[in-house]
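Close look at the chain arrangement
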Amino acid sequence: ETGVTQSPTHLIKTRGQQVTLRCSSQSGHNTVSWYQQALGQGPQFIFQYYREEENGRGNFPPRFSGLQFPNYSSELNVNALELDDSALYLCASSLAGGLTQYFGPGTRLTVL
Amino acid sequence: DAKTTQPPSMDCAEGRAANLPCNHSTISGNEYVYWYRQIHSQGPQYIIHGLKNNETNEMASLIITEDRKSSTLILPHATLRDTAVYYCIVRVGDSGNTPLVFGKGTRLSVIA
């Protein structure tokens, strides 16, 4: 059984650019959640995908968007990057109706 | 906002039990107590969760008070690898899609 994987590990972008982060869920898990973790803070919920549809969203602007694919993998897209978007982006997978989310190692995004 | 209160930091001697407290005085009847930990710059790791009974697994024990307003995570024999930020989270348990709301957690330092 493979765990949650994310790519890339690190990424450097400049302000105004767009970025795509990727997540492969744990085997058999059909729900993917994305979190943003700024330095020194706990992770903050961005949104969740289930059956390829957005299924809940936190307090993040529309320039944060996502996709889920039939194999349950997911992408997080951020447009018009701002300096404050610099953070660790975490993906977590779970079974719909399951109680526990399992996290990947994260993608460290730096916006210059 | 997080519905839990945790001390910002704690120290523990290697080989001794680490007892991490958490207050959740406004917990509802259908909310579970979850514990995750995050070792520096890695994704959060699930530890344990419970509703009202005490729980134990290979990593830790969770003790929940009878009124459910507080709990304690116990690492029975702390090692240096247990140095991490520990998050206590309350979450509705009847839907696997409910996002996790993280606070700032407790930074546990295990000292040789």
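For the structure itself, consult the block above.
Residues numbered from 1 in each chain as written. Chains lettered and ligands numbered in written order. Predicted model: local features only at pLDDT ≥ 70, side-chain atom pairs only at ≥ 80, totals over all residues. Heavy atoms only, no water.

1. Some points on the overall build of chain B
We apply this condition: Helix and strand definitions follow DSSP, with helices as H or I runs of at least four residues and strands as E runs of at least two, each counted in order from the N terminus. C-alpha atoms define the radius of gyration, and 2.2 Å times the number of residues to the power 0.38 defines the globule rule. Throughout, exposure labels follow a simple rule: accessible area from a 1.4 Å probe, protein chains only, divided by the maximum for the residue type, with under 20% read as buried, over 50% as exposed, and the rest as partly exposed. Working rule for contacts: check all heavy atoms of both residues, and any pair within 4.5 Å makes them a contact. To measure how exposed things are, a 1.4 Å probe is used in the Shrake-Rupley method; for residues, cover is taken only from the protein chains shown. The charge count includes Lys and Arg as positive and Asp and Glu as negative, but it does not include His or the ends of the chains. A charged residue contributes its charge at one atom only: NZ of Lys, CZ of Arg, CG of Asp or CD of Glu.
In terms of helices and strands, chain B carries zero helices and nine strands. On C-alpha atoms alone, chain B measures out to a radius of gyration of 13 Å, which is about the 13 Å that the 2.2 N^0.38 rule sets for 112 residues. Each principal axis of the C-alpha distribution contributes one length, and for chain B these read about 40 × 30 × 25 Å. In chain B, which comprises 112 residues, the proportion classed as buried is 45%. Put simply, 57% of the contacts in chain B that link residues at least 6 apart link residues at least 24 apart. Per element, the accessible surface of chain B, about 5700 Å² overall, is 48% carbon and sulfur. Charge centroids of chain B, computed over 10 positive and 10 negative side chains, lie 3 Å from each other.

2. A look at the overall build of chain A
Of regular secondary structure, chain A possesses zero helices and eleven strands. The order of α-helices and β-strands along chain A, N terminus first, is β-β-β-β-β-β-β-β-β-β-β. Relative to a compact globule of 112 residues, whose C-alpha radius of gyration would be 13 Å, chain A shows 13 Å and is just as compact. Expressed as lengths along the three principal axes of its C-alpha atoms, the size of chain A is roughly 40 × 25 × 25 Å. For chain A, buried positions account for 50% of its 112 residues. Put simply, of all contacts in chain A between residues at least 6 apart along the chain, 53% involve residues at least 24 apart. Carbon and sulfur atoms make up 49% of the accessible area of chain A, which amounts to about 5300 Å² in all. Across chain A, the mean location of the 7 positive side-chain charges is 6 Å away from that of the 8 negative side-chain charges.

3. Notes on unusual backbone geometry
Residues and elements named next belong to chain A. Residue proline 8 follows serine 7 across a cis peptide bond; omega there is -10°. The residue proline 8 is located in the loop between β1 (5-7) and β2 (10-13) in this model. Within the chain, alanine 80 stands out as a residue other than glycine whose phi angle is a positive 45°. Relative to the elements of secondary structure, alanine 80 occurs in the loop between β8 (74-78) and β9 (87-94). Look at alanine 80 and you get partly exposed, because its relative accessible area is 43%.

4. With respect to the nonpolar core
Let me state the cut-off plainly: Here, nonpolar core means buried Ala, Val, Leu, Ile, Met, Phe, Trp, Tyr and Cys residues that are tied together by side-chain atoms lying within 4.5 Å of each other.
Ranked by internal contacts, the top residues of the largest apolar core, which has 21 residues, are Trp35(B), Leu73(B), Tyr86(B) and Leu108(B). For this core, the secondary structure elements donating two or more residues are β2 (18-23), β3 (31-38), β4 (45-50), β6 (61-64), β7 (70-75), β8 (84-92) and β9 (106-111) of chain B. The leading source of residues in this core is β8(B), at four residues. If we skip the residues at most four places from it in the chain, Tyr86(B) touches Gln6(B), Leu20(B), Trp35(B), Tyr36(B), Arg37(B), Ile47(B), Leu73(B), Leu75(B), Gly105(B), Thr106(B) and Leu108(B). Judged by nonpolar contacts, the second largest core, of 20 residues, contains Val4(A), Val19(A), Leu21(A) and Tyr49(A).

5. Focus: the interface of chain B and chain A
Threshold: Two parts placed together each lose some accessible area; with a 1.4 Å probe, that loss summed over both constitutes the buried area. Salt bridges are defined as contacts in which a side-chain nitrogen from Lys or Arg sits within 4 Å of a carboxyl oxygen from Asp or Glu. A 3.5 Å cut-off defines polar contacts: any pair of N or O atoms within that distance qualifies, except that in protein one atom must be a possible hydrogen donor and the other a possible acceptor, and neighbouring residues in sequence count only when both atoms are side-chain atoms. Amino acid classes used here: Ala, Val, Leu, Ile, Met, Phe, Trp, Tyr, Cys and Pro are nonpolar; Asp, Glu, Lys and Arg are charged; the rest, including Gly, are polar.
The interface of chain B with chain A comprises 21 residues on the first partner and 24 residues on the second. Between chain B and chain A, roughly 1700 Å² of surface is buried when both sides are summed, and carbon and sulfur atoms account for 50% of that area. Put simply, chain B and chain A have zero salt bridges between them. Counting across the chain B and chain A interface gives four residue pairs in polar contact (both at pLDDT 80 or more). Put simply, the parts of the chain that give the side of chain B that touches chain A at least two residues each are β3, β4 and β8 of chain B. A per-element tally of the side of chain B that touches chain A places β3(B) first, with four residues. Classifying every residue of the side of chain B that touches chain A gives nine nonpolar, ten polar and two charged.

6. What about the pattern of salt bridges?
By the definition in use, this model includes six salt bridges over all chains. Note that Glu75(A) and Arg22(A) form a salt bridge whose closest N and O atoms lie 3.5 Å from each other. Taken as a pair, Glu75(A) in strand β8 and Arg22(A) in strand β3 (residues 19-24) lie far apart in primary sequence, 53 residues in all. Given the relative accessible area of 42%, Arg22(A) is considered partly exposed. Between Asp82(B) and Arg37(B) there is a salt bridge, with the nearest N and O atoms lying 2.8 Å from each other.

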